[in-house]
Amino acid sequence: MATLLDQHPAPGHPGIEPRWTRSDKDGVGTAYSALSRVWFTASRGGLDEVYYPTIDRPQVRDLQYLVADGQTFFHDSHCHMESTHEYLAHHALGFRIVSSDREGRYRIVKEVIADPHEPCVLLHTSLEADPAWLPRLRLFVLLAPHLEVGGRGNHGHVAQTPRGKVLTAHKGNTWLALGATVPFVRCSCGYVGTSDGWQDLAQNYEMDWEFDCALDGNIALTGEIDLRQGPEFVLGLAFGDSLHSALVALTQSHAVPFAEHRDRFVRQWQRGAGHALVGRERLTGDGGRLYEVSHNLLMAHEDKLYDGAMIASLSIPWGESRGDEDLGGYHLVWTRDMCQSATALLSVGHDEFPFRALIYLACTQREDGGFHQNFWLNGEPYWRGVQLDEVAFPVLLAWHLRAANALRDFDPWPMVQRAAGYLVREGPATPQERWEENSGYSPSTLAAHIAALVCAASFARERGEHATSQYLEEYADFLESQVEAWTVTTEGTLVPGTRRHFVRIHPVDVDDLQPDEDPNRGVLLVRNRPPGAPAAFPAKDVVDAGFLELIRYGIRKPGDPLVEDSLRVVDAVLKVDTPFGPCWRRYNHDGYGQRDDGGPYQGWGRGRAWPLLTGERAHYELAAGRDVRPFLRAMERFATATGLLPEQVWDEPDRPEARMALGRPTGSVMPLAWAHAEYLKLVRSAADGQVFDLIPEVADRYSRRRAARLLAPEIWKFNRQVRAMSAGRTLRIQASAPFRLRWSGDEWRNAHDTGSTPTGLGVEFVDVPVALGQRTPIRFTFLWTDVGRWEGRDFQVIVSGPG
């Protein structure tokens, strides 16, 4: 049994403000084992976040080695050593990290893996030094627990066990145990910034403090390795739901030789790495290296308790500026990012995870058919916004799995039906677009929305529900017919001579029942702007490349003059030329990114260039019949030495004092699963000579889009009460309950009563024909037949000449 020591507590102090480790610009990578429930991210200095028991629960902020000689120097791995790193083996996410003294006196060689079966991270460590220096060196390990996703309220103890002292920490029901295969000479628990081991060693290069415990604070644990037992050992960091279970996991791990662990770890990875794309070495510029790493990283982002659940990234952006109140980081589920990753794995022949992902999403869908903006693995929402593209993407994933004949015995129709109903009821304006900031009419959201409805229609038709299928297609036609009317300005000023182009978003309030749908008007409020900087801009002069999603799914053709003109504006405003290739910012005036001085984003900054947007542009260039190799090469070059793609790269001249270099990672999230997914799909698309995400049913329907546009109905519903329409079309009036429509086209001289038609989607509708010669308004009201109650007010739609 273990005994928690408490005779010598650290001086009472909660510690300085807890901060997560930054998303390291020099990050090494992410790793996990196939059977245990622990993940970690490695940096040049050691470990950053460690996640347990699920992939959305970071429990450790930082683990690193410290070196001192007791007289003249003290070094920490992050700040005072030069590091190199490489993968332990082909197709395996384990790492060999070498941290060297800048004066050549010593180096620390670490091989880092997760135990193949236990919730334990293992670091095989060797301190190598000149024989004259080795006896003088002292090696310490420093661990900063952030248990249960927070630095506050952690409790640390030194535990006495039959095998020697072990450093432990707990918070709630989560415990960790840190120990080595050689003893600790001394141990101490302290509060960060006041009584931790780093502060102790920095004072006089000696470990003077030996506090048995540090309670209820932001703590750090320090242990001195007994190098008299030899300079080679294995450090283990184990987790459990009690002290006993954490110690058992640690002891089990240490009882097996590291070489056996490593061999089993590598074999587990290599068993899952057989999804190769024929010809990929020919298509890529790095012999398929980023392709392999991207595949493995996406696999590593799936949870092992919640099958099919995948987070956006095993990292926390700008962690040094984030406190305990920033719980989420990117270790949450976004359905958009998750579906991008699942589709990417499907594109390289891996259908197991996409299948699990679809089932997980079907079980996580809200009762109304929507999805929360993001959520923990257990489905609990974190941010409670709504993005219509995130409702659409699971439908697209279901379509892809059906096309791959990979649905097995799972029927996605209930999920598809509810999602389609939600899109029809709640759209067309989205409360947030894909950049999670503004409401309105977004080209990228509309693209996913339209494509999903056409896919849902194909599922309904397959089931013999032809009326529902027809309704969904006609609603998609309505959206498609309005894309330019809602999202293309004719008064642009960004590029002389190009006044007509797509905008990023036409802002409307989703609670405005009669929104102004003219994209030449409207003011866009941009979030995350620096203090005192303008935040309101004419929406017609804020652009992104989200309209390329219209080509991606087949809604618009490549080479369309409007698309090409819009790309000229995007390139003039957002393109960044780097030594590694072209990259693009999200949109002009973006404030989400590194500050101008190179400092971290702190609620404001400047949006930098995103490598995933290079991949999106490449998909368009492929569709347009142009060479995609420069874009593939650029994405490969944006990756770090171990193949990690960052969310953002620095887009200005180098700032050495801030460790910022043009085209290299900023402090944003890394790796970004979405970026790796985009690269995988790009390789597959280049191999096929066709965009993998293209949906034939969508492309076939809208290759005849002029006819579809003329036939599309105009839609009136309570959350979009259209003011006017052109004659010669059908006015479709819909509501979420059965009704009888009383309507007139001649100022109530003649009234018509028409019962609503159900759709099977929680929507009922009545079609009112509007003749070419109609000039008087269509007036109408509702009798709610379920309750026998009149609406008690009239509505109208003004009719103009044919459009």
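Residues numbered from 1 in each chain as written. Predicted model: local features only at pLDDT ≥ 70, side-chain atom pairs only at ≥ 80, totals over all residues. Heavy atoms only, no water.

Peer 1: For this particular structure, what's the right way to read helix α9 (residues 413–426)?
Peer 2: For α9, built from 14 residues, the straight-helix expectation of 20 Å at 1.5 Å per residue is met to within 8% by its first-to-last C-alpha distance of 19 Å. Along α9, the positions that sit buried rather than exposed are W413, M415, V416, A419, A420, G421, Y422, L423 and V424. Of the surrounding elements, those touching the buried residues of α9 are α7 (352–364), α8 (388–403), α10 (443–462), α11 (466–487) and β30 (730–735). (Helix = DSSP H or I, 4+ residues; strand = E, 2+ residues; numbered from the N terminus. Expected span 1.5 Å × (residues − 1). Buried < 20%, exposed > 50% of the residue type's maximum accessible area, 1.4 Å probe, protein only. Contact = heavy atoms within 4.5 Å.)

Peer 1: Looking at this structure, I do not really get the sheet that holds strand β27 (residues 609–610). What am I missing?
Peer 2: Two modes of strand pairing occur in sheets, parallel and antiparallel, and in both the strands are linked by backbone hydrogen bonds. The strand order β25-β26-β27 describes an open sheet built from three strands, whose pairing is antiparallel. The open sheet has two free edges, formed respectively by β25 (575–578) and β27, since each of these has just one partner strand. Examined bridge by bridge, β25 and strand β26 (residues 581–585) share four bridges and lie antiparallel to one another. Paired with V576 across the bridge in β26 is C583. Against the sheet, helix α13 (residues 561–574) makes contact with β25 and β26, and its axis sits at roughly 95° relative to β26, the strand it touches most. The strands touched by helix α15 (residues 629–638) within the sheet are β25 and β26, with β26 carrying the most contacts at an inclination of about 80°. (Pairing = 2+ DSSP bridges. Axes fitted to C-alpha atoms, helices over the stretch in contact; angles between N-to-C directions.)

Peer 1: Mind showing me how you'd approach the packing of helix α5 (residues 289–300) against helix α16 (residues 673–688) here?
Peer 2: For any two helices packed against each other, the geometry comes down to the angle between their axes and how far apart the axes lie. In contact at an axis separation of 9 Å, α5 and α16 are set at 130° when each is read in the N-to-C sense. With respect to α16, the axis of α5 lies oblique. The way α5 lies across α16 gives a crossing that is left-handed. In this structure, α5 contributes L290, Y291, S294, H295, L297 and L298 to the contact, and α16 contributes A673, H676, A677, Y679, L680 and V683. Among the residues making up the contact of α5 with α16, the classes are represented as nine nonpolar, three polar and no charged. (Parallel < 35°, antiparallel > 145°, perpendicular 65-115°, else oblique. Left-handed = near helix turned anticlockwise from the far one by under 90°. Nonpolar A, V, L, I, M, F, W, Y, C, P; charged D, E, K, R; others polar.)

Peer 1: Explain helix α14 (residues 611–623) here, please?
Peer 2: Each α-helix turn comprises 3.6 residues. Residues three or four places apart therefore point the same way. An ideal rise of 1.5 Å per residue puts 18 Å on 13 residues; α14 measures up with 19 Å between its terminal C-alpha atoms. Among the 13 residues in α14, 12 count as buried, and that is most of the element. Within the span of α14, buried status applies to P611, L612, L613, T614, G615, E616, R617, A618, H619, Y620, E621 and L622. Check the buried side of α14 and you find it contacts α12 (548–552), α13, β26, β27, α15 and α16.

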